[in-house]
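What the coordinates show
Letter by letter, the chains look like this.
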Amino acid sequence: MTDSPDGPADPDADPDADPDADRHEYHPDREHAFPDDRLNEMLDRIESNPEITAYLEAQNVNPVDRKGYNDHGAKHVEIVRDRALRLYDLLKAGGVEFNGARQQGLDEADEPVIIALAATLHDIGHVVHRHDHPYYSIPLAADFLDDFLPSFYGVPERVRIKAEVLHAILCHHTEEQPLTREAGVVRIADGLDMERGRSRVPYEEGGRGINTVSSQAIERVSLRKGEETPAQVVIRMNNAAGVYQVDSLLKAKIEGSLLEDQIRTVAINTHRDGDGNGSIVDRIEL
C-alpha cells in the first residue's frame, strides 16, 4: 500500500509492509515541494568530492574501532541526509515555513542546500574525538566550506550559508537548541538512524542491558505524510523495549527542534502473545 492522493497509508495495515520503502532515499529526478536545482547540483559535487569521502572513512575510526560504538561513517551520513531531505520535503508540502535561509536574506532554494551540507558534515569532528564531537566538527566543516562554497556562491552568500550550516551542525547533538527549522530537521534526522544494529544509543558489546535489547528491537523507521501533522514518523519494533530507544533518543531530538508541533511519532510493537497464538500489535503514540 502506498500513500493515496487523499491521505497517508495506514501504518497498522500490514506489519510486514513498508509503504515508503522506495522513498527513504532522496531522488533528484522526482518532484519535490521545494526548488531543487541548486541542491541537486550541490549533491553531485558532494558525492564526488575526495575530501568528503576521506572524512567519512576517517571519522569512523574513533567511534567504531577505538570506542566500540556503532557506525558514524558514510552509511550513517547517507541515512541522515536522505531522511533529512525527506522530512524537509514533507514539511514543505505541509506548508511549514523555514526561517534559517530566509532570515539571512538567502533564497528558498538555499534551505535544502543548508540541510544537505549540515547532514553531510555533522559528524566529521569524530576524527578528533567521539566526546564533544559537534564542537570539533565546527572548525573542520568551516575549513571545508571555505574551499567548497566559492564554486556556487559569491562572498556574502557563502558567508551566510556557512553560518547556517555550522549552526545546524552544532545543534545536532548538544545542549544548544536549534534556532532554525533547517537545524531542527538535521537534529531529528540524526535520531532517525535507529534501525536494528544502527542505534545511536551505544550498547555494550555482547551485553544484555536495556541499550542492547532496545537497539535490536527497532525493525523499521518510516517517514510519511501525517493525518494531523505534515509529517509522521512510524517506528516498527518487535519488542516493547524499543520504546526506550525512541524515548531516550528521538524524543530528545524532537524536543526543542522548533518542529515539535509538525511531527507525530507512532511506535508500533508487533509481537506474539504469550501462548504463541498469533501476533499482537501495540500502538504507542509519543
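First things first, this report covers the structure right here in the doc.

What counts, and at which threshold
- Residues numbered from 1 in each chain as written.
- Predicted model: local features only at pLDDT ≥ 70, side-chain atom pairs only at ≥ 80, totals over all residues.
- Heavy atoms only, no water.
- Helix = DSSP H or I, 4+ residues; strand = E, 2+ residues; numbered from the N terminus.
- Buried < 20%, exposed > 50% of the residue type's maximum accessible area, 1.4 Å probe, protein only.
- Contact = heavy atoms within 4.5 Å.
- Areas by Shrake-Rupley, 256 points an atom, 1.4 Å probe, with all protein chains shown as cover.
- Patch = residues over 30% accessible without salt bridge, like charges linked within 9 Å, V, L, I, M, F, W, Y side chains within 5 Å.
- Salt bridge = Lys/Arg side-chain N within 4 Å of Asp/Glu carboxyl O.
- Lys, Arg positive; Asp, Glu negative; His and termini not counted.
- Charge placed at Lys NZ, Arg CZ, Asp CG, Glu CD.
- Axes fitted to C-alpha atoms, helices over the stretch in contact; angles between N-to-C directions.
- Parallel < 35°, antiparallel > 145°, perpendicular 65-115°, else oblique.
- Left-handed = near helix turned anticlockwise from the far one by under 90°.
- Nonpolar A, V, L, I, M, F, W, Y, C, P; charged D, E, K, R; others polar.
- Core = buried A, V, L, I, M, F, W, Y, C linked by side-chain atoms within 4.5 Å.
- Expected span 1.5 Å × (residues − 1).
- Pairing = 2+ DSSP bridges.

Considerations on the overall build of the protein chain
Summing up its helical and strand segments, the protein chain has eleven helices and four strands in all. Buried residues in the protein chain amount to 53% of all 286 residues. Once local pairs closer than 6 in sequence are excluded, the contacts in the protein chain between residues at least 24 apart make up 64%. Within the structure as shown, the protein chain displays about 12900 Å² of accessible surface, and the carbon and sulfur contribution to it stands at 45%.

What to know about a negative patch on the surface
Together, Asp 37, Glu 41, Asp 44 and Glu 47 give the surface a local cluster of negative charge. With respect to the helices and strands, Glu 41 occurs in helix α1 (residues 37-47).

Here's the deal with the packing of α1 against helix α6 (residues 110-121)
For the pair α1 and α6, interaxial distance at closest approach is 8 Å and the crossing angle is 25°. By the criterion of interaxial angle, the relationship of α1 to α6 is roughly parallel. By crossing handedness, the relation of α1 to α6 is classed as right-handed. Mapping the contact onto sequence places Arg 38, Leu 39, Met 42, Leu 43 and Ile 46 in α1 and Asp 110, Pro 112, Val 113, Ala 116, Leu 117 and Thr 120 in α6. For the contact of α1 with α6, the class distribution of residues is eight nonpolar, one polar and two charged.

As for the nonpolar core
Core analysis: the largest hydrophobic core is formed by 66 residues, its most contacted members being Met 42, Leu 91, Leu 117, Val 185 and Leu 250. Residue contacts for Leu 91: discarding those within four places in its chain leaves Val 96, Phe 98, Val 185, Pro 230, Ala 231, Leu 259, Gln 262 and Ile 263.

Structural notes on helix α11 (residues 242-254)
Taking 1.5 Å per residue as the helical rise, α11 with its 13 residues ought to reach 18 Å, and the 17 Å between its terminal C-alpha atoms agrees with that figure. For α11, the set of buried residues is Gly 242, Gln 245, Val 246, Leu 249, Leu 250, Lys 253 and Ile 254. Gly 256, located one to two residues past α11, shows a positive phi value of around 80°.

Some thoughts on the pairing of strand β2 (residues 231-237)
Burial analysis of β2 places seven of its seven residues in the buried class, which makes it a mostly covered element. Burial along β2 is two-sided: the face carrying Ala 231, Val 233, Ile 235 and Met 237 and the face carrying Gln 232, Val 234 and Arg 236 are both buried. Where strand β1 (residues 218-225) meets β2, seven bridges bridge the pair, whose relative direction is antiparallel. Bridging across to β2, Leu 223 finds its partner in Val 233.

Things to note about the side chain of Asp 89
Structurally, the position occupied by Asp 89 is in helix α4 (residues 74-93). With no salt bridge to any partner, buried Asp 89 finds its closest opposite charge in Arg 86, at an N-O distance of 5.2 Å. Aside from chain neighbours lying at most four places away, what touches Asp 89 is Glu 31, His 32, Ala 33 and Phe 34.

Describing the pattern of salt bridges
Across all of its chains, the model carries eight salt bridges by this definition. Residues Lys 92 and Glu 108 are paired through a salt bridge, measuring 2.8 Å at the closest nitrogen-oxygen approach. Of this pair, Lys 92 sits in helix α4 while Glu 108 sits in the loop between α5 (100-103) and α6, and the two are 16 residues apart along the sequence. For the salt bridge of Lys 92 with Glu 111, the shortest nitrogen-to-oxygen distance reads 3.1 Å. Here Glu 111 lies in helix α6 and Lys 92 lies in helix α4, a separation of 19 residues in the sequence. According to the relative accessible area criterion, Lys 92 is buried, its value standing at 15%. Residue Glu 111 is classed as buried on the basis of its relative accessible area, which comes to 5%. One continuous salt-bridge network, built from bridges that share partners, spans Arg 38, Asp 107 and Asp 110.

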